[in-house]
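# Close look at the chain arrangement
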Amino acid sequence: MNSVHTPVAPQTGVQPMVSFRDVHKSFGALEVLKGIDLDVMPGQVAALIGRSGSGKSTALRCINGLEKINGGELTVCGRNLRARDFELRDLRKEVGIVFQSYNLFPHLTVEQNVTLAPRKVNGLDAAQSRALAAEVLEQVGLSDKALSYPEQLSGGQQQRVAIARSLAMRPQLMLFDEVTSALDPELTGEVLRVIGKLAAGGMTMVLVTHEMAFARQVADLVVYMHQGRVWEAGKGTMLDDPQTVELRQFVGSGL
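Residues numbered from 1 in each chain as written. Predicted model: local features only at pLDDT ≥ 70, side-chain atom pairs only at ≥ 80, totals over all residues. Heavy atoms only, no water.

The name that an unreviewed UniProt entry assigns to the chain is Amino acid ABC transporter ATP-binding protein, with the source organism given as Aliirhizobium smilacinae. UniProt lists a comment for the chain under the heading Subcellular location (unreviewed entry), and it reads "Cell membrane". Recorded under Sequence similarities (unreviewed entry), the UniProt text for the chain is reproduced unchanged: "Belongs to the ABC transporter superfamily." (UniProt positions renumbered as here; feature names shortened; annotations may be inferred.)

Okay, here's the thing in structure tokens:
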């Protein structure tokens, strides 16, 4: 990767962009999150790592309100997700999320996919939509694909369109849920370079990833989750010197 991300140090008096306090989440009798405590500060990049079933994707989905927590407190972009006056629609305007599957509309062009939500939610006209699409597609290196359809793109290009679509809503926070897991190594590199550029530009991000080298290089905060808990958290260098047997085994397994 060419872009270098300068780690962001928490500033005194600045409120976290994301704050978990003793957060619990269950699906029926299965407790997936068992008391999560975690802060992500504005401008930070947090990478959630861990084995399948450790709770990392569930934690990410709670941030966007896709899953409701059962206990504790979760504050995102200054909004308490358990408050009586909490409005999910307002949160979704401030938090973008990109999934493993691209979820693009096949019958719409790239430009139309990118601008659909801003037009419907923010009332942009045709000229404003085209200008916005040009801006965010340039950010992800796809300026020449505005009039293409998803089936004409590679998997890596489709994933970058999905990122551009989220950026078009001008989010304060971006979430990425294993966005490269369905891509081959070359296409994975394309997508990670885009995320690295966003990090270098100061975008606050939380990402679930199996890309250890990427997490080490780009993340200000690496969070190793194990059995529904934050097991270890720190800078990327912690992957070189794990303090627990579990993280040592995880890193050693190459997962």
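That shown, we press on.
### Observations concerning the overall build of the chain
Across its full length, the chain holds eight helices and ten strands. Whereas a compact globule of 255 residues would reach a radius of gyration of roughly 18 Å, the chain reaches 18 Å, a difference of no more than 12%. Taken along its principal axes, the extent of the C-alpha atoms in the chain is 55 × 45 × 40 Å. Here the chain has roughly 12,100 Å² of accessible surface; of this, 48% comes from carbon and sulfur atoms. The average position of the 26 basic charges and that of the 27 acidic charges among the side chains of the chain differ by 4 Å. (Helix = DSSP H or I, 4+ residues; strand = E, 2+ residues; numbered from the N terminus. Rg over C-alpha atoms; globule rule 2.2 N^0.38 Å. Areas by Shrake-Rupley, 256 points an atom, 1.4 Å probe, with all protein chains shown as cover. Lys, Arg positive; Asp, Glu negative; His and termini not counted. Charge placed at Lys NZ, Arg CZ, Asp CG, Glu CD.)

### Structural notes on the sheet that holds strand β1 (residues 18-27)
Pairing is antiparallel across the open sheet formed by four strands, whose spatial order is β2-β1-β4-β5. Strands with a single pairing partner mark the edges of an open sheet, and in this sheet they are β2 (30-40) and β5 (79-80). Pairing of β1 with β2, which is carried by eight bridges, proceeds in the antiparallel orientation. Bridging from a neighbouring strand, S26 pairs with E31 of β2. Docked against the sheet, helix α1 (residues 56-63) engages β1, β2 and β4 (71-76), running at close to 115° with respect to β1. (Pairing = 2+ DSSP bridges. Contact = heavy atoms within 4.5 Å. Axes fitted to C-alpha atoms, helices over the stretch in contact; angles between N-to-C directions.)

### A few points about the sheet that holds strand β6 (residues 95-98)
The sheet built from six strands is open, its strands ordered β6-β7-β8-β3-β9-β10 with mixed pairing. Looking at strand neighbours, the two that pair on one side only are β6 and β10 (229-234), the edges of this open sheet. Put simply, the sheet's adjacent strands are angled 20° from each other on average, direction ignored. As defined by bridge partners, strand β3 (residues 45-49) adjoins strand β9 (residues 221-226) across four bridges and the pair is classed as parallel. Residue pairing across strands places A46 opposite L221, the latter belonging to β9. Sitting on the sheet, helix α5 (residues 155-167) touches β6 and β7 (173-177), and the angle it makes with β6 is about 170°. Against the sheet, helix α6 (residues 185-200) contacts β3, β7 and β8 (204-208), and its axis sits at roughly 145° relative to β8.

### Regarding the confidence of the model for the chain
Taken residue by residue, the chain gives an average pLDDT of 89. The fraction at 70 or more is 95%. Note on residues 1-9: pLDDT under 50 across the span, and 23 contacts to partners over four residues away in sequence or across chains. (pLDDT = per-residue confidence, 0-100.)

### Examining the layout of surface pockets
Considering only enclosed or pocket space, the largest pocket measures out at about 570 Å³ in volume. As for the largest pocket, its lining consists of 25 residues, of which I97, A117, R165, S166 and M169 are closest to the centre. Taken together, the elements giving at least two residues each to the lining of the largest pocket come down to α2 (88-94), β6, α3 (110-122) and α5. Ranked by the residues each element gives to the lining of the largest pocket, the list is headed by α3, at five residues. The calculated volume of the second largest pocket comes to roughly 180 Å³. Considering the residues around the second largest pocket, the lining is formed by C62, G65, E67, K68, I69, L74, L81, R82, A83, F86 and L88. In terms of residue class, the lining of the second largest pocket is made up of seven nonpolar, one polar and three charged. (1 Å grid on protein atoms, 1.4 Å probe; cavity = no way out; pocket = protein on both sides within 12 Å on 5 of 7 lines; lining within 4 Å. Points joined across faces, edges and corners; volume = space filled by probe spheres on them. Nonpolar A, V, L, I, M, F, W, Y, C, P; charged D, E, K, R; others polar.)

### Side note on the UniProt feature "domain: ABC transporter" (unreviewed entry) in the chain
Residues given the UniProt feature "domain: ABC transporter" (unreviewed entry) here are residues 18-252. Annotated as residues 18-252, this span is 37% helix and 26% strand, and its ends, taken at the C-alpha atoms, are 30 Å apart.

### Quick look at the packing of α3 against α5
Direction vectors running N to C along α3 and α5 enclose 30°, while the axes themselves pass 8 Å from each other. Here α3 is positioned roughly parallel relative to α5, judged by the angle of their axes. Read as a crossing pair, α3 and α5 show a hand that is right-handed. Seen from α3, the contacting residues are V110, N113 and V114; seen from α5, they are V161, A164 and R165. Taken together, the residues that form the contact of α3 with α5 break down as four nonpolar, one polar and one charged. (Parallel < 35°, antiparallel > 145°, perpendicular 65-115°, else oblique. Left-handed = near helix turned anticlockwise from the far one by under 90°.)

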